[in-house]
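# Inside the fold
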Amino acid sequence: MKNGKLVRITAMFFVLMLCFTILSRAADQLSVAAVTTERPQNRMIEHAVRTSGKIVQNQELAVTTLPDQRVTAIYVREGQRVAKGDLLFEVDTTLLEEQILNQEQEMEKQELMVKDAKSQKEVSAAQKANSQAQAAEQYSLSTKQAGVQLSRAKQQLEQAKKKLKKFRKSAKSGKSGNSGGGEGDSDVEEALLQALQDKTDAYVAAQGELRALEWEIENAVYTAKQNAINGTATLTAQGRTFTGAADTDDTRDTESVAMMTKVEDEVKNTWLAVNEEKEVENTCLAVGEEEDVEDTCLTVGAGEAEIVPEAIDASESVLVDETAVDPVSAFAEGGSGFDLDIEIEDVTGQLPSSQESGNDEESNFGAEIGDGSDYTLNSDMGSTSGSAENDGDMIIDDPVNQTEPQTPKAAELAQIEQTVRANYSQKLAAAQKKVSDAQAGKETAEAALVKYQQAQLAANDSLNTQTAQQLASDVQTAQQAYEDAALAANEAAVVSGRAVAIANIADPSNSSDRMNEISYEQMELTLEKLEGLKKTKGKVCAEADGLITKINIMTGEKTLDTTALLMADLSKGYRFTADITKEQQKYIGTGDLVRLTSGDGKQKLEDLPVESVSADENSEEIYHVTVQVPEDSFEIGRNVNLDFVRKSETYPVTVPLSALHLDEKQQPYVLVVEEYNSIMGTEQRARKVSVTVLEQNESYAALAEGAIGSETEIIVQSDKAVDNGSRVRVG
Amino acid sequence: MAKKFVREIAYLPLILLAGIICFPVLFAATGVFMQQWELEDYLAPVLTGTEGMASWPLLPHAPTLRSLVELLLDSPQFFVMFWNSLKISLCILVGQTVFGVPAAWGLARFEFPGKQAVLLLYIVLMLMPFQVLMLPQYLVLDRFRLLDTHAAVILPAVFSTFPVFIMYRFFCGIPEAILEAARIDGAGHLQIFFRIGIPLGAAGIVSSGILGFLESWNMIEQPMTFLKTKSLWPLSLFLPEIGLAEVGLGFAAAFMMLVPALLLFLSGQEYLEQGIAAAALKE
């Protein structure tokens, strides 16, 4: 290659290199951020609080009138100034007079209702006392009657037996020569009689148990229903208290339960007394087997007093375990000595001998109450099937009861009753089965006895046969009568005891008279107001100097229950009120002197002290600031601007806020310019310096000394994003 | 015929050797056109210490001019160093010419007491490596407050003994008769030096110049030791600044660095060969 060509190539190479040098430098400069720097300044941080608000009155007056009055004329408009006594509006006096008349009539009605209620309350109290007395009387009557019936049946039975024995004795003595097996026959008959006696005892006992179980079921149903009602009564109690009537549901329940318990105890005691006699009878029976029946029974019944306490103990122990069932079952046991002597005079002696009402009547009454209607009466006091003495109260109570939506419905109560009855159904069936079994056993024993007696009679001569048959039939009839009497006595005691308990259940509380009185008083107050308005001829005037701010009524329309007019009370002065942010709230406080400027800037008030700065009730970010303004400076409702500047102490290092940045950990930093040597020569780059911000406003931030000197150039602006280490060019 | 065959056979090992010697140039040339990822793949065992051996293909897998464009358009630093290198090299070249040529002429053509001692000193100094001279040079430069300037690199090289020694040999080769004839014609010392000495010793001057340029173009210890300011660094220090992430840029820079030296060598190849041959023949 020629040297000339080589030289040209070399020259070209260097020219190219020169071009690329220029190009690469140009490209390089494009990536360098041009920044503006500033040195930290020594200055104060000013916090300006600027907000706009309104001038409002210090106090507002509400002008009200009675509701439902027709407005005939309104003499003011919103924004109008009024003086004290100025006519504001007028209402229709004709309508007013009509209302006054109506009110007076209503009051008269109310007065009558108060009287009625009081009278009804007295009547119902008297009726209640009467029904209680009746029930007590009925109780004593029915128990006495039952006792008398029982003793009568017993006497008849005894007589029949005596006759039979007498006849047999005479027959035996007549035949003793002919037949030696007479004693053996008598033993057989005794054994059969004894078997019949046992079966009868079992039957009566089973009957008693069944009765007791029925009573228990009824009691359980009553308790369940009562609980259901009480559960809701607590809720309704509040409503009643509001109307001023004292609620005595709980007291009532407690009383009724106590009363029931008391009656049950009485019933128990009665049967305890009977039971004592029964024990004596049992003793009689034991003795009677060995010796002469007639004599021994009387002797033992009167004389063997030491046996009685044991019998009482035994009965009591049973009574402790069970409730109302025990006296019944005890009686059933005691009633076993049908063919023996019973010393029942002690019991019957305490009862009056009146026998006007028959057993049938009592049984019917007992059945009527025993079928559950008494509990229906308790749970549904408003029903007319209740006792007559409560009628007056019930009528007055009706509105109260109707306002109790929580009261269980009849269907629910029926369901509760069904559930309780279902729980007992098994027991009841068992008891019924036992009764039927016992009855069958008794009938079998009776048949066996009859058969034996017939066989024996057949053996005897035909003359005696007819007489003996007659006598045996008498005994049997008498025995059945005695059984019936015992059962009737049992039932009469239970049923009439229950009637006493029901009669003693307290009446529901009744405060209707007081409620009516209260209504009357309220009406009286309204009437006074109406008459007051009538006196002023239906005119409503301003009570103070003020400015009408709102009118809620319209001419021709009726007034409502709300405020008719709102007016600013000018005598109490004005104030400026505005909202500021939480941030602004830091720099303004009570007593700070602020400047108020009207919206158009024409009116200015300097150095007015801030009256209060308070937080908003709903938002944490909003505060209310108020400033009292002098009278006649700004009008009410005018928009006014507030200006206030809080100056801080002088800080040696303050930088423009644009120079402050936050890193990923939210720590503040600034970027300073530093020079460094590179291949390109001395270049400038940004360096991150972490700082502590002492205070800042929307323009400047005061930094803690130390991190930055007063000569440091701080980047405040750049044309590209600059970070730590970025090359920069100070423009 | 047999002789010709033997000669051809003898070329084979020579070609092989030439190939081995040329391989680094090929290495640099292919690297310029490789993508960054490709370079990282091949050189990772060397540069990052991962296991395995570095490999090198004869041709790039995905040829690109990206590295070259990046170097030429986006690396102003490269050009700063390039021009620094050129400045240093040219200054050294001029200096060696200004001071070395008269020195070599004087040693070759004048007789004076202690001439042999001076020659010996020149040879000894020429043989001494930079590491030996570094400290004394540093101290001297520091005393002259020349450290961290280009003069610290240029001046010691200007007064280097090697070009003087090369040119001394050339000047020695000029026949005394020519100089005698000139003197008879009335030429003075300066006229003889400029009109006879330099033209006749041009081959030596050029060859020493080329060698000197190549040496100063590639010098690395001196700038590294005496220059702290990066903006003064020559191109030889650009490559140590390059990491694996910019290895493509490094190959491009190496390639560009090769171009001026190659052009100069090609320009002075004739003189260089002459000079070396002349020196050899003289010996």
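Residues numbered from 1 in each chain as written. Chains lettered and ligands numbered in written order. Predicted model: local features only at pLDDT ≥ 70, side-chain atom pairs only at ≥ 80, totals over all residues. Heavy atoms only, no water.

## Some remarks on the overall build of chain B
Across its full length, chain B holds 13 helices and zero strands. Of the regular secondary structure in chain B, the N- to C-terminal order runs α-α-α-α-α-α-α-α-α-α-α-α-α. For chain B, the proportion of its 283 residues judged to be buried stands at 40%. Restricting the contact set of chain B to residue pairs at least 6 apart, pairs at least 24 apart contribute 75%. For chain B, the accessible surface area stands at approximately 16,100 Å², while carbon and sulfur atoms represent 69% of it. (Helix = DSSP H or I, 4+ residues; strand = E, 2+ residues; numbered from the N terminus. Buried < 20%, exposed > 50% of the residue type's maximum accessible area, 1.4 Å probe, protein only. Contact = heavy atoms within 4.5 Å. Areas by Shrake-Rupley, 256 points an atom, 1.4 Å probe, with all protein chains shown as cover.)

## Digging into the overall build of chain A
Looking only at helices and strands, chain A features 14 helices and 21 strands. Residues counted as buried form 41% of the 731 residues belonging to chain A. For chain A, contacts bridging at least 24 residues in sequence account for 80% of all contacts bridging at least 6.

## Brief notes about the pattern of salt bridges
Where charged atoms from two side chains of opposite charge come close, those side chains can pair. Residue and element names in this part refer to chain A. With the rule as written, the count across this model stands at 30 salt bridges over all chains. R211 is the salt-bridge partner of E491, the closest N and O atoms lying 2.5 Å from each other. Of this pair, E491 sits in helix 12 (residues 462-503) while R211 sits in helix 3 (residues 182-242); the two residues are 280 residues apart in sequence, bridging distant segments of the chain. A residue is classified by how much of its surface remains accessible, and E491, at 18% relative accessible area, is buried. (Salt bridge = Lys/Arg side-chain N within 4 Å of Asp/Glu carboxyl O.)

## Remarks on the packing of aromatic side chains
Any two aromatic rings considered together are summarised by their centre-to-centre distance and by the angle between their planes. Evaluation of the coordinates by the stated rule reveals 21 aromatic pairs over all chains. Note on F14 of chain A and F82 of chain B: the rings are 6.1 Å apart at their centroids and 45° apart in plane angle, and the pair reads as tilted. Pair noted here: F14 of chain A is in helix 1 (residues 3-30) and F82 of chain B is in helix 4 (residues 76-109), and the two residues belong to different chains. Its relative accessible area of 0% is what places F82 of chain B among the buried residues. Relative to F251 of chain B, the ring of F27 of chain B has its centre 5.7 Å away and its plane inclined at 40°; by these criteria the two rings are tilted. Residue F27 of chain B is located in helix 1 (residues 2-32), and its partner F251 of chain B is located in helix 13 (residues 247-282); the two are separated by 224 residues in the primary sequence. Overall, F27 of chain B belongs to the partly exposed group, its relative accessible area being 27%. Joined through ring pairs, the aromatic side chains of F13 and F14 of chain A together with F78, F79, F82, W83, F213, W217 and F238 of chain B make up one cluster. The ring centre of Y676 of chain A lies 4.2 Å from the NZ or CZ of R685 of chain A, which sits over that ring. K688 of chain A extends its terminal NZ or CZ atom over the ring of Y669 of chain A, reaching a point 4.9 Å from the ring centre. (Phe/Tyr/Trp six-rings, centres within 6.5 Å; stacked < 30°, edge-to-face > 60°. Lys NZ or Arg CZ within 6 Å of the ring centre and 35° of its normal.)

## Overview of the interface of chain A and chain B
Each partner contributes to the interface: chain A provides 20 residues, whereas chain B provides 22 residues. With both sides pooled, the region where chain A packs onto chain B buries about 2,000 Å², and carbon together with sulfur makes up 78% of that total. By the criterion of area lost to chain B, the three top residues of chain A are F13, M17 and I679 of chain A, representing 32% of everything that side buries. On inspection of chain A and its partner chain B, the count reaches two residue pairs in polar contact (both at pLDDT 80 or more). (Buried area = accessible area lost by both parts, 1.4 Å probe. Polar contact = N/O pair within 3.5 Å; in protein donor to acceptor, adjacent residues only side chain to side chain.)

## Brief notes about the confidence of the model for chain A
Residue and element names in this part refer to chain A. When pLDDT is averaged along chain A, the result is 75, and 72% of the positions lie at 70 or above. Note on residues 233-257: pLDDT under 50 across the span, and 30 contacts to partners over four residues away in sequence or across chains. Ignoring residues within four places in sequence, the model shows residues 270-406, a span with pLDDT below 50, making 198 contacts including any to other chains. (pLDDT = per-residue confidence, 0-100.)

## A short note on the packing of helix 4 of chain B against helix 5 (residues 115-127) of chain B
Residues and elements named next belong to chain B. In contact at an axis separation of 10 Å, helix 4 and helix 5 are set at 135° when each is read in the N-to-C sense. The angle between helix 4 and helix 5 falls in the class oblique. Remark: the crossing between helix 4 and helix 5 carries left-handed chirality. Of helix 5, the residues touching helix 4 (which contributes A103, L107 and A108) are K115, V118, L119 and Y122. Taken together, the residues of the contact of helix 4 with helix 5 sort by class into six nonpolar, no polar and one charged. (Axes fitted to C-alpha atoms, helices over the stretch in contact; angles between N-to-C directions. Parallel < 35°, antiparallel > 145°, perpendicular 65-115°, else oblique. Left-handed = near helix turned anticlockwise from the far one by under 90°. Nonpolar A, V, L, I, M, F, W, Y, C, P; charged D, E, K, R; others polar.)

## Description of the confidence of the model for chain B
Summary statistics for chain B give a mean pLDDT of 87 and a share of 96% for residues scoring 70 or more. Averaged over each element, pLDDT in chain B is lowest for helix 13 of chain B (79) and highest for helix 7 (residues 151-158) of chain B (94).

## What about the sheet that holds strand 6 (residues 87-91) of chain A?
Note on sheets: strands pair through backbone hydrogen bonds, and any given pair is parallel or antiparallel. Residue and element names in this part refer to chain A. In space, the three strands of this open sheet follow the order 4-6-7, with antiparallel pairing throughout. At either end of the open sheet lies a strand with only one pairing partner, and these are strand 4 (71-74) and strand 7 (539-541). When strand polarity is set aside, the average angle formed by the axes of neighbouring strands in this sheet is 20°. Strand direction decides the pairing type here: strand 4 and strand 6, joined by three bridges, are antiparallel. Within strand 6, the residue paired with I74 across the bridge is F89. (Pairing = 2+ DSSP bridges.)

## Examining the environment of S519 of chain A
All names here are of chain A. For S519, the location among the structural elements is in helix 13 (residues 512-535). On the accessibility criterion, S519 (26% relative accessible area) is partly exposed. A sequence separation of 409 residues divides S519 from Q110, and the C-alpha atoms of the two residues are 7.5 Å apart.

## What about the environment of E214 of chain A?
Residues and elements named next belong to chain A. Note on placement: E214 falls in helix 3. On the basis of relative accessible area, E214 is assigned to the partly exposed category, the value being 28%. In this structure the C-alpha to C-alpha distance between E214 and Y424, which are 210 residues apart in sequence, comes to 9.2 Å.

## Here's the deal with the nonpolar core
One finds L71, F78, F238 and M256 of chain B to be the most contacted residues of the largest nonpolar core, which totals 45 residues. Elements with a contribution of two residues or more to this core: helix 1 of chain A together with helix 2 (36-47), helix 3 (66-74), helix 4, helix 7, helix 11 (202-218) and helix 13 of chain B. Counting residues per element, this core draws most heavily on helix 13 of chain B, which supplies 10 residues. (Core = buried A, V, L, I, M, F, W, Y, C linked by side-chain atoms within 4.5 Å.)

## Re helix 7 of chain B
Residues lying three or four places apart along an α-helix face the same way, a consequence of the helix completing one turn every 3.6 residues. Residues A152, V153, I154, A157 and V158 of chain B constitute the buried set of helix 7 of chain B. Tucked into the core, helix 7 of chain B has its buried residues touching helix 4, helix 6 (130-143) and helix 12 (221-226) of chain B.

## Thoughts on the packing of helix 8 (residues 162-172) of chain B against helix 11 of chain B
The description of two packed helices rests on the angle between their axes and on the distance between the axes. Residues and elements named next belong to chain B. Between helix 8 and helix 11, the shortest axis-to-axis distance is 8 Å and the interhelical angle comes to 160°. The pairing of helix 8 with helix 11 is recorded here as roughly antiparallel in orientation. Relative to helix 11, the crossing made by helix 8 is right-handed. Residue-level contacts link F162, P163, I166, M167, F170 and F171 of helix 8 to A203, G204, I205, S207, S208 and L211 of helix 11. Taken together, the residues of the contact of helix 8 with helix 11 sort by class into nine nonpolar, three polar and no charged.

## Quick look at a negative patch on the surface
Residue and element names in this part refer to chain A. Taken together, the side chains of E104, E108, E111, E524, E528 and E531 present a region of like negative charge at the surface. Going through the elements one at a time, helix 2 (93-175) and helix 13 are the ones with two or more residues in the negative patch. Residue class for E524 comes out partly exposed when judged on its relative accessible area of 34%. (Patch = residues over 30% accessible without salt bridge, like charges linked within 9 Å, V, L, I, M, F, W, Y side chains within 5 Å. Lys, Arg positive; Asp, Glu negative; His and termini not counted. Charge placed at Lys NZ, Arg CZ, Asp CG, Glu CD.)

## Topic: the sheet that holds strand 3 (residues 60-63) of chain A
Residues and elements named next belong to chain A. Across the sheet, four strands lie side by side as 3-9-8-5; this open sheet has antiparallel pairing. Sheet topology places strand 3 and strand 5 (81-82) at the edges, where each strand pairs with a single neighbour. Where strand 8 (residues 546-551) and strand 9 (residues 565-569) come together, five bridges link them in antiparallel fashion. From the neighbouring strand, I551 faces strand 9, where its bridge partner is L565.

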